Amino acid sequence: IGLWSIPAMWIGVMLIGYLANKQYIQLFPVGGLHDIQADAMAFLPQWTADGFQRGWLLDMAWHLVLPITCMTYGGFAILSKLTRSSILENISSDYVRTARAKGVAEGKIILEHGLRNAFLPVLSFLGPAAASIFTGSLVVEKVFNIPGVGQHFVDAALNRDWMLVMGLAVTYATLLLLFNLLVDLGHIALEPKLRAQRG
């Protein structure tokens, strides 16, 4: 709950202040999507006579670690709470008690019976969460100086570019529908009752 309550702007500033600062760790870059010399890099990482070269792809992944952490920490807090409550609810159900009475090992009960059924509500949350991650966040884009969809949406609204606003809204709606479809297919794969109804 505490992790979920922390604002993304403060987390972003703290990540830059401690993990991208010369006075502390400086593991990651401060912002942007690429290094200044990214255009001269090879696409994939490789070993050369000068040593290890990151390459364009690994350089982009390295620049995205802090923004992705900033965008997903709140969802991780919700997912962990949702998973915990769902597992506790499933562990006390009748089929788990029956499996225990039959002498099934406790680890197998938790993994095959409890966790599989506990994952259904978590899967329902993952659809909209994944769509929101792909469409970006204005705060994270501003803190890490990333040209993203959130900034384009706000600029289009301020400039009254209604075609771009509608295009971005349709893109978000399409992503939301696509991820909800994947969630429904995941429910069918995990729930035997739904597979029986489909057949």
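That block above? That's the structure.
Residues numbered from 1 in each chain as written. Predicted model: local features only at pLDDT ≥ 70, side-chain atom pairs only at ≥ 80, totals over all residues. Heavy atoms only, no water.

S.K.: Help me out: how do you make sense of the pattern of salt bridges in this one?
M.R.: When the charged atoms of two side chains with opposite charge come close together, those side chains can pair. For the structure shown, the criterion picks out 3 salt bridges. Put simply, Asp 59 and Arg 54 hold a salt bridge, and the shortest N to O gap is 3.0 Å. Note on Arg 54: relative accessible area 27%, which makes it partly exposed. The residue Glu 106 makes a salt bridge to Arg 100 at a minimum N-O spacing of 2.8 Å. For Glu 106, a relative accessible area of 38% translates into the label partly exposed. (Salt bridge = Lys/Arg side-chain N within 4 Å of Asp/Glu carboxyl O. Buried < 20%, exposed > 50% of the residue type's maximum accessible area, 1.4 Å probe, protein only.)

S.K.: Just to check I follow, could you spell out the packing of helix α3 (residues 55–91) against helix α5 (residues 106–135) for this structure?
M.R.: Helix-helix packing is characterised by the crossing angle of the two axes and by the distance between the axes. Where α3 meets α5, the closest approach of the two axes is 9 Å, and the angle between their N-to-C directions is 150 degrees. For the element pair α3 / α5, the angle class is roughly antiparallel. In the crossing of α3 with α5, the sense of the turn from one axis to the other is right-handed. Residues Met 71, Thr 72, Gly 75, Ile 78, Leu 79, Leu 82, Thr 83, Ser 86, Ile 87, Asn 90 and Ile 91 of α3 form the contact with α5, whose own contacting residues are Ile 110, Gly 114, Leu 115, Asn 117, Ala 118, Pro 121, Val 122, Phe 125, Leu 126, Ser 132 and Ile 133. (Axes fitted to C-alpha atoms, helices over the stretch in contact; angles between N-to-C directions. Helix = DSSP H or I, 4+ residues; strand = E, 2+ residues; numbered from the N terminus. Parallel < 35°, antiparallel > 145°, perpendicular 65-115°, else oblique. Left-handed = near helix turned anticlockwise from the far one by under 90°. Contact = heavy atoms within 4.5 Å.)

S.K.: Could you clarify how one ought to interpret the environment of Leu 3 in this entry?
M.R.: If you trace the backbone, Leu 3 turns up in helix α1 (residues 2–5). Along the chain, Leu 3 and Phe 76 lie 73 residues apart, while their C-alpha atoms are 8.8 Å from each other. When neighbours within four sequence positions are excluded, Leu 3 is seen to be in contact with Tyr 73, Phe 76 and Ala 77.

S.K.: It is not clear to me how the packing of aromatic side chains should be interpreted in this structure. Could you clarify?
M.R.: What describes a pair of aromatic rings is the distance from one ring centre to the other and the angle between the planes of the rings. Evaluated as defined, the whole model comprises 3 aromatic pairs. Residues Phe 43 and Trp 56 carry aromatic rings whose centres are separated by 5.7 Å and whose planes lie at 20 degrees to one another, so their mutual orientation is stacked. Here Phe 43, found in the loop between α2 (8–19) and β1 (46–48), pairs with Trp 56, found in helix α3; they are 13 residues apart in sequence, far enough to count as distant. Accessibility expressed as a relative area gives 28% for Trp 56, which makes it partly exposed. (Phe/Tyr/Trp six-rings, centres within 6.5 Å; stacked < 30°, edge-to-face > 60°.)

S.K.: Help me out: how do you make sense of the environment of Ala 99 in this one?
M.R.: Along the chain, Ala 99 falls in helix α4 (residues 94–101). C-alpha separation for the pair Ala 99 and Ile 109, spaced 10 residues apart in sequence, amounts to 6.9 Å. Those residues in contact with Ala 99, other than ones at most four positions away along the chain, are Val 104, Ile 109 and His 113.

S.K.: Help me understand a nonpolar patch on the surface, please; the structure alone is not making it clear to me.
M.R.: The grouping of Tyr 18, Tyr 24, Ile 25 and Leu 27 at the surface amounts to a nonpolar patch, some 430 Å² of accessible area in total. Relative to the helices and strands, Ile 25 resides in the loop between α2 and β1. (Patch = residues over 30% accessible without salt bridge, like charges linked within 9 Å, V, L, I, M, F, W, Y side chains within 5 Å. Areas by Shrake-Rupley, 256 points an atom, 1.4 Å probe, with all protein chains shown as cover.)

Fair warning: the whole summary comes from geometry, so function is off the table for now.
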